[in-house]
Amino acid sequence: GAVVSQHPSRVICKSGTSVKIECRSLDFQATTMFWYRQFPKQSLMLMATSNEGSKATYEQGVEKDKFLINHASLTLSTLTVTSAHPEDSSFYICSANRQDGTDTQYFGPGTRLTVL
Amino acid sequence: AQSVTQLDSQVPVFEEAPVELRCNYSSSVSVYLFWYVQYPNQGLQLLLKYLSGSTLVKGINGFEAEFNKSQTSFHLRKPSVHISDTAEYFCAVTIPNLFFGTGTRLTVIP
């Protein structure tokens, strides 16, 4: 299979604090991982592409200093929401390319972030 | 401009009835096409994908989709739905990043 995990599944934090979300590919190596954000009853919006060993590529309108991405190994990418505000509350989903030449992304279960 | 359109935001259907969820895309380059399902408060699960070859693609849970290049469509179908099929369904296309449609909420009515 192609399993992607995320941790934590839910997090509640105070405004102004930072939150780190982990995304792991459990049974395959992923040189590329993706981070998406999903607002209620809406589709997924790509935030950034995370490349192992190099800087992430952010989509237009996404603040790279606010959403820090680190892809330190072939199985782990992290998203840190810095100085979180209530408007950052959302469902964050990561995905990973299995590198089998099919461009298929396998998604994690998502992380529900609530900023009070 | 490149885009993915899911024409129906909500589709109610009775249990054991057939269903079709529509997806159209616009792209100037060749694409890969995907359907994902999202159950409440969960991530996305791959239902099926079209990369090349046969235009009729069979996926998990009895779903299938047909790629129609002339109509730039990739509609998802199931001949007989179950209550457990109630979920949000997303069509996605690589152009070249994965670009999602707005989703279709399928509600299966007992």
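Now for a look at the structure at hand.

Rules used in this analysis
Residues numbered from 1 in each chain as written. Chains lettered and ligands numbered in written order. Predicted model: local features only at pLDDT ≥ 70, side-chain atom pairs only at ≥ 80, totals over all residues. Heavy atoms only, no water. Helix = DSSP H or I, 4+ residues; strand = E, 2+ residues; numbered from the N terminus. Rg over C-alpha atoms; globule rule 2.2 N^0.38 Å. Buried < 20%, exposed > 50% of the residue type's maximum accessible area, 1.4 Å probe, protein only. Contact = heavy atoms within 4.5 Å. Areas by Shrake-Rupley, 256 points an atom, 1.4 Å probe, with all protein chains shown as cover. Lys, Arg positive; Asp, Glu negative; His and termini not counted. Charge placed at Lys NZ, Arg CZ, Asp CG, Glu CD. Phe/Tyr/Trp six-rings, centres within 6.5 Å; stacked < 30°, edge-to-face > 60°. 1 Å grid on protein atoms, 1.4 Å probe; cavity = no way out; pocket = protein on both sides within 12 Å on 5 of 7 lines; lining within 4 Å. Points joined across faces, edges and corners; volume = space filled by probe spheres on them. Nonpolar A, V, L, I, M, F, W, Y, C, P; charged D, E, K, R; others polar.

Some points on the overall build of chain B
1) Next: When helices and strands are tallied, chain B shows 0 helices and 12 strands.
2) Next: Scanning chain B from its N terminus toward the C terminus, one meets helices and strands in the order β-β-β-β-β-β-β-β-β-β-β-β.
3) Next: For chain B, the C-alpha radius of gyration of 13 Å lies close to 13 Å, the compact-globule estimate for 110 residues.
4) Next: With the principal axes as the frame, chain B shows a C-alpha extent of 40 × 30 × 20 Å.
5) Next: Across the 110 residues in chain B, those meeting the buried criterion constitute 45%.
6) Next: Pairs at least 24 apart in sequence give 54% of the contacts found in chain B among residues at least 6 apart.
7) Next: Working note: accessible area of chain B is about 5,300 Å², and carbon and sulfur atoms make up 52% of it.
8) Next: Computed over 7 positive and 8 negative side-chain charges, the separation of the two mean positions in chain B equals 8 Å.

Details of the overall build of chain A
1) Next: For chain A, the helix and strand inventory stands at 0 helices and 11 strands.
2) Next: Secondary structure elements of chain A occur, N-terminal to C-terminal, as β-β-β-β-β-β-β-β-β-β-β.
3) Next: On C-alpha atoms alone, chain A measures out to a radius of gyration of 13 Å, which is about the 13 Å that the 2.2 N^0.38 rule sets for 116 residues.
4) Next: Its C-alpha atoms give chain A principal-axis dimensions of roughly 40 × 25 × 20 Å.
5) Next: Put simply, chain A has 116 residues, and 50% of those count as buried.

Some thoughts on unusual backbone geometry
1) Next: For the bond from His7(A) to Pro8(A), the omega torsion is 0°, close enough to zero to count as cis.
2) Next: With respect to the helices and strands, the residue Pro8(A) is situated in the loop between β1 (4-7) and β2 (10-13).
3) Next: At Asn61(B), a residue that is not glycine, the phi angle is positive and equals roughly 60°.
4) Next: Relative to the elements of secondary structure, Asn61(B) occurs in the loop between β7 (56-58) and β8 (64-68).
5) Next: Classification of Asn61(B) by relative accessible area gives partly exposed; the value is 38%.

A look at the side chain of Asn97(A)
1) Next: Tracing the sequence through the fold places Asn97(A) in strand β9 (residues 90-97).
2) Next: Here Asn97(A) is in contact with Phe28(A), Gln29(A), Ala30(A), Thr32(A), Phe34(A), Asp103(A), Thr104(A) and Gln105(A), once residues within four sequence places are set aside.

Some words on the packing of aromatic side chains
1) Next: Using the criterion set out here, one finds 12 aromatic pairs over all chains in the structure.
2) Next: Ring pairs connect the aromatic residues Tyr36(A), Phe107(A), Phe34(B), Tyr36(B), Phe90(B) and Phe100(B), which therefore count as one cluster.

Focus on the layout of surface pockets
1) Next: Empty space within the largest pocket amounts to approximately 460 Å³.
2) Next: The class makeup of the residues in the lining of the largest pocket is 6 nonpolar, 9 polar and 4 charged.
3) Next: Counted as a void, the second largest pocket has a volume near 310 Å³.
4) Next: Contributing elements (two or more residues each) for the lining of the second largest pocket: β5 (44-51) of chain A together with β11 (98-100) of chain B.

So far we have only geometry, and geometry alone does not tell us how the molecule works.
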